[in-house]
Amino acid sequence: MGENFCIAAFASRLQVMAFEELLKSRSMKASIVTTPRAVALGCGLSVRFEEGDAPRVKALYQASGLGNLIGFYRVERDSSGRAQVYPLR
């Protein structure tokens, strides 16, 4: 069985760490993960969050003043571990 989740990809590791802390400070489940190869941009790290939290995550980013966002993505990982990545709308 696969899994689905979302990521916020940044160009800077400092922004990744700051955004993860921001989400956690708002009692949201967040972690730092390796950015999937399909994104192929940025610092190599992203913030993982639950798909159901996406509207709130986007709003927090807008209000945060953080920069260097590459984008928000939905990741679908199949049972073999292969990931498909789609822009999060």
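What you see is a predicted model; the values in this text were computed from it and never measured. (Residues numbered from 1 in each chain as written. Predicted model: local features only at pLDDT ≥ 70, side-chain atom pairs only at ≥ 80, totals over all residues. Heavy atoms only, no water.)

Visitor: I tried to follow helix H2 (residues 54-64) on my own but got confused; where do I start?
Guide: Structural remark: α-helix, 3.6 residues per turn; residues separated by three or four positions point the same way. Three or more residues of H2 are buried, namely Ala54, Val57, Leu60 and Tyr61. Projected down its long axis, H2 shows its buried positions confined to an angular sector of 125 degrees, all on one face. Projecting away from the buried face of H2 at angles above 90 degrees are the exposed residues Pro55, Gln62 and Ala63. A positive phi of about 80 degrees marks Gly65, the residue just after H2. (Buried < 20%, exposed > 50% of the residue type's maximum accessible area, 1.4 Å probe, protein only. Helix = DSSP H or I, 4+ residues; strand = E, 2+ residues; numbered from the N terminus. Arc of directions from axis to C-beta.)

Visitor: What's the story with the nonpolar core in this structure? I'm lost.
Guide: In summary, soluble globular proteins display a tendency toward joint burial of nonpolar side chains. Phe19, Leu23, Val47, Phe49 and Phe72 are the most contacted members of the largest nonpolar core, which has 18 residues in total. Those elements that place two or more of their residues in this core are strand S1 (3-10), helix H1 (13-25), strand S3 (45-49) and H2. Dropping the residues within four chain positions of it, Val47 is found in contact with Cys6, Ile7, Ala8, Phe10, Val16, Phe19, Glu20, Leu23, Ala30 and Ser31. Of all hydrophobic cores here, the second largest spans eight residues; its members include Ile7, Ala9, Val33 and Tyr73. (Core = buried A, V, L, I, M, F, W, Y, C linked by side-chain atoms within 4.5 Å. Contact = heavy atoms within 4.5 Å.)

Nothing here speaks to function; it is geometry throughout.
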